[in-house]
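Structural description and commentary
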Amino acid sequence: MSAPSEGAARLRATAVGSAAVLLWALLALLTVRSGRVPPFQLVAMCLGVGALVGVVWAKAAGRPALAALRQPWPVAALGIGGIFGYHFFYFTALRNAPAAEAGLIAYLWPLLIVLFSGLLPGERLRALHLLGALAALVGAGLILAPGGRLVFAGEHALGFAAAGLCSLLWSGYSVLSRLAGKAPTEAVTGFCAAGAVLSALAHLGLETTVWPATTDEWLAVLALGAGPLGLAFYVWDVGVKRGDIQLLGVAAYGAPLLSTLALAAAGEAALTPGLALSAALIAGGAGLAALGSARSRRPGPVDPAG
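Sequence positions are assigned chain by chain, starting from 1 and proceeding in written order. Selection of residues for local features in this predicted model requires a pLDDT of at least 70, selection of side-chain atom pairs for listing and counting requires 80 or more, and totals for whole chains, interfaces and linings are taken over all residues. Where side-chain values are given, they derive from all heavy atoms of the structure, hydrogens and water being excluded.

Section: the overall build of the protein
Only runs of H or I of at least four residues qualify as helices and only runs of E of at least two qualify as strands under DSSP, and these elements are numbered from the N terminus. For the protein, the count of helices and strands is 14 helices and zero strands. For the protein, the sequential pattern of α-helices and β-strands runs α-α-α-α-α-α-α-α-α-α-α-α-α-α. Its C-alpha atoms put the protein at 60 × 50 × 35 Å along the principal axes. Split into buried and exposed, the 306 residues of the protein put 48% on the buried side. Residue pairs at least 24 apart in sequence account for 90% of intrachain contacts in the protein once pairs closer than 6 positions are excluded. Each residue is placed in one exposure class: buried if its accessible area under a 1.4 Å probe, protein chains only, is under 20% of its type's maximum, exposed if it is over 50%, and partly exposed if it falls in between. Every residue pair with non-hydrogen atoms within 4.5 Å of one another is taken to be in contact.

Observations regarding the nonpolar core
Each nonpolar core is a collection of buried residues, namely Ala, Val, Leu, Ile, Met, Phe, Trp, Tyr and Cys, held together in the definition by side-chain atoms within 4.5 Å. Counting 69 residues, the largest nonpolar core has W24, I83, W109, W170, F233 and W236 as the members making the most contacts within it. When neighbours within four sequence positions are excluded, W109 is seen to be in contact with W24, Y86, S167, W170, S171, W236 and A252.

A short note on the environment of T260
Note on placement: T260 falls in helix α13 (residues 254–265). We classify T260 as buried; its relative accessible area is 16%. Sequence spacing of T260 and T272 is twelve residues, and the spatial spacing of their C-alpha atoms is 10.0 Å. Excluding residues within four positions of it along the chain, T260 makes contact with I143 and L275.

Looking at the packing of aromatic side chains
Think of a pair of aromatic rings as described by two things: how far the centres are apart, and how the planes are tilted against each other in angle. Stacked, tilted and edge-to-face are the three classes applied to pairs of Phe, Tyr and Trp rings, where Trp contributes its six-membered ring and a pair requires centres within 6.5 Å; stacked means planes under 30 degrees apart, edge-to-face means over 60, and tilted covers the rest. Summed over the entire model, instances satisfying the criterion amount to 18 aromatic pairs. Considering the side-chain rings of F40 and F91, the 6.0 Å spacing of their centres and the 75° angle between planes classify their relative orientation as edge-to-face. Note that F40 is positioned in helix α3 (residues 39–61) and F91 in helix α5 (residues 73–96), a separation of 51 residues in sequence. Here W170 and Y173 contribute two aromatic rings whose centre-to-centre distance is 4.9 Å and whose plane-to-plane angle is 45°, an arrangement assigned as tilted. Here W170 pairs with Y173, and both are found in helix α9 (residues 157–176), just three residues apart, close to one helical turn. Taking the relative accessible area as the measure of exposure, W170 reaches 3% and is therefore buried. By relative accessible area, which is 3% here, Y173 ends up buried.

Notes on helix α11 (residues 215–242)
Between the first and last residue of a helix there are one fewer steps than residues, each counted as 1.5 Å, and that sum is the expected span. Taking 1.5 Å of rise per residue, the 28 residues of α11 would be expected to cover 40 Å, and the 39 Å separating its terminal C-alpha atoms lies within 8% of that figure. Along α11, the sharpest kink reaches roughly 40°, centred on L231. Bend is computed residue by residue as the angle between axes fitted to the seven residues ending at the residue and the seven residues starting at it.

Focus on helix α7 (residues 109–117)
With seven of nine residues buried, α7 is to be regarded as a mostly interior element. Within α7, the full set of buried residues consists of W109, P110, L111, L112, I113, V114 and S117.

Things to note about the packing of helix α6 (residues 99–106) against α9
Axis lines are fitted to C-alpha atoms, over the contacting stretch for helices. Their N-to-C directions set the angle, which ranges from 0 to 180 degrees. Running from amino to carboxyl end, α6 crosses α9 at an angle of 30°, the nearest separation of the two axes being 7 Å. Of the possible angle classes, the one that applies to α6 and α9 is roughly parallel. The hand of the α6/α9 crossing is right-handed. Judged by residue contacts, E101, A102, I105 and A106 of α6 engage F160, A163, G164, C166 and S167 from α9. Along the lines of polarity and charge, the residues of the contact of α6 with α9 split into six nonpolar, two polar and one charged. Any angle between 65 and 115 degrees counts as roughly perpendicular, while under 35 counts as roughly parallel, over 145 as roughly antiparallel, and the rest as oblique. Handedness of each helix crossing follows the sense of rotation of the near helix against the far helix: counterclockwise by less than a right angle gives left-handed, clockwise gives right-handed. For this scheme, ten residues count as nonpolar: Ala, Val, Leu, Ile, Met, Phe, Trp, Tyr, Cys and Pro. Four count as charged, namely Asp, Glu, Lys and Arg, and the remainder, Gly too, count as polar.

So this is what it looks like as structure tokens:
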């Protein structure tokens, strides 16, 4: 394959992976609309729908979905640990720590993706990637903790540790997926199915079952499973395996901004002046990361400044 065609394929995969960020932007709104369904029950239901999305994905690609489920145990452990582990420790963090602090720690995963990607074969971490990720992190922090007064009290250590673990799990899953590049995207079907079973077990052990009360709530659950907790995992797999993983990591910080805008458009949240600054930081961070990626692909002498 020629260099131009390789670049075009990488660009296409990055665009596909970026669709996950758009889908994750709907996560908060659809969760609000899903009613009082407990978290682990909601994840179990949604990942079940997400597994069905994989069957449709495989059929559209003309490949058997069942064949993709037979993966080596390290690949299966990586996928199940990433998808189920992230959600398990995220909700554990929210149960044991304030939401703003726990959410900010959990949302270190895009920055960690950028950092860890430098260890991948064929990837180079440049200063612009890191600066872009840090700028976007500050922008996301203005949204996740709008008051700016974060208190990391010792009594919430369990929750903070769980938030850190979920951040490590998702960033590790995303980066190591590049090394499992031979595993087809349809393998995510099995990860979702296993995650649904494990989430159901966590629900039975920790929660009281509450079913959606209205048709709208059921539709919100189905939409969650079809999009943010379904299709998003498949397109993300394409992006992190064959796209620009540093740019995807920085772009992921756009999810909380887009999520807030979606909530505001639906009348579930108010727009604030700080959103403009957040948008500028996140967009600027993505621009820096894109510039860093462009310089990485440009032939010629190495620029030590990044």
